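Here are the chains, one letter per residue:
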Amino acid sequence: MAPNEHAAQIAELIGRIAMRSRQNMTTAMDQVELDGLTPHQARILGWIEANEARGVIQRDIADVMGSRAASVSSLLQVLERDGWIERRTDPSDSRRKTLYTTPKGRERVRRFESDIWAGAGLHLDSFTDAEADDLRRLLTKLDQELAD
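Residues numbered from 1 in each chain as written. Predicted model: local features only at pLDDT ≥ 70, side-chain atom pairs only at ≥ 80, totals over all residues. Heavy atoms only, no water.

## Concerning the pairing of strand 2 (residues 93-101)
- Relative to strand 2, strand 1 (residues 85-90) runs antiparallel, the two sharing six bridges. The residue of strand 2 that forms the bridge with Arg88 is Thr98. (Pairing = 2+ DSSP bridges. Helix = DSSP H or I, 4+ residues; strand = E, 2+ residues; numbered from the N terminus.)

## Focus on the environment of Lys97
- Along the chain, Lys97 turns up in strand 2.
- Between the C-alpha atom of Lys97 and that of Glu86, which follows or precedes it by 11 residues, the distance is 9.5 Å.
- At 2.8 Å, the side chain of Lys97 forms a polar contact with the side chain of Thr89. (Polar contact = N/O pair within 3.5 Å; in protein donor to acceptor, adjacent residues only side chain to side chain.)

## Considerations on the packing of helix 2 (residues 39-51) against helix 3 (residues 58-65)
- Taken N-terminus to C-terminus, the directions of helix 2 and helix 3 make an angle of 125 degrees; their axes are 11 Å apart at the nearest point. With respect to their mutual orientation, helix 2 and helix 3 come out oblique. For the element pair helix 2 and helix 3, the recorded crossing hand is right-handed. The residues of helix 3 that touch helix 2, namely those facing His40, Ile44, Trp47 and Ile48, are Asp60, Ile61, Val64 and Met65. (Axes fitted to C-alpha atoms, helices over the stretch in contact; angles between N-to-C directions. Parallel < 35°, antiparallel > 145°, perpendicular 65-115°, else oblique. Left-handed = near helix turned anticlockwise from the far one by under 90°. Contact = heavy atoms within 4.5 Å.)

## Digging into the side chain of Gln41
- In this structure, Gln41 sits in helix 2.
- Setting aside its immediate chain neighbours within four residues, Gln41 contacts Gly36, Leu75, Val78 and Leu79.

This is how it looks when you write it as structure tokens:
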């Protein structure tokens with residue numbers, strides 16, 4: 001088989017696997033207990049938690065959401081009021097407020113992610129440990145190659 005044919009077949013397989021994985025993820029998200037959060041609020045909470053080390057501000061959320069500042073402000077006020085996030089003064093700029101998840105928020109994100117991955121996880125039961133290791137190694141190599 002020609003190298004281009006291999007590449008095309010592999011790309012098609014990766015695309016199908018990604019699509020099925022997204023479908024499974026959506027189904028799993030529909031079944032996860034959100035503790036009163038809307039799915040949108042839960043995603044934003046997770047995004048804040050994943051990015052808070054770099055100093056997330058309200059404008060970052062607006063950029064990610066593609067929303068107006070007023071909409072983001074309302075969303076964040078609810079998350080803060082309900083104890084999911086907190087705003088802190090940036091030590092390098094007292095006018096800037098950075099967003100952080102509270103311990104309650106971090107725990108919710110961990111459970112949310114755990115529940116989703118449990119429901120949408122890849123089914124590798126038919127793989128031996130060696131095959132799963134080889135697959136991870138090869139996919140990591142491909143990921144690094146595509147990142148360059």
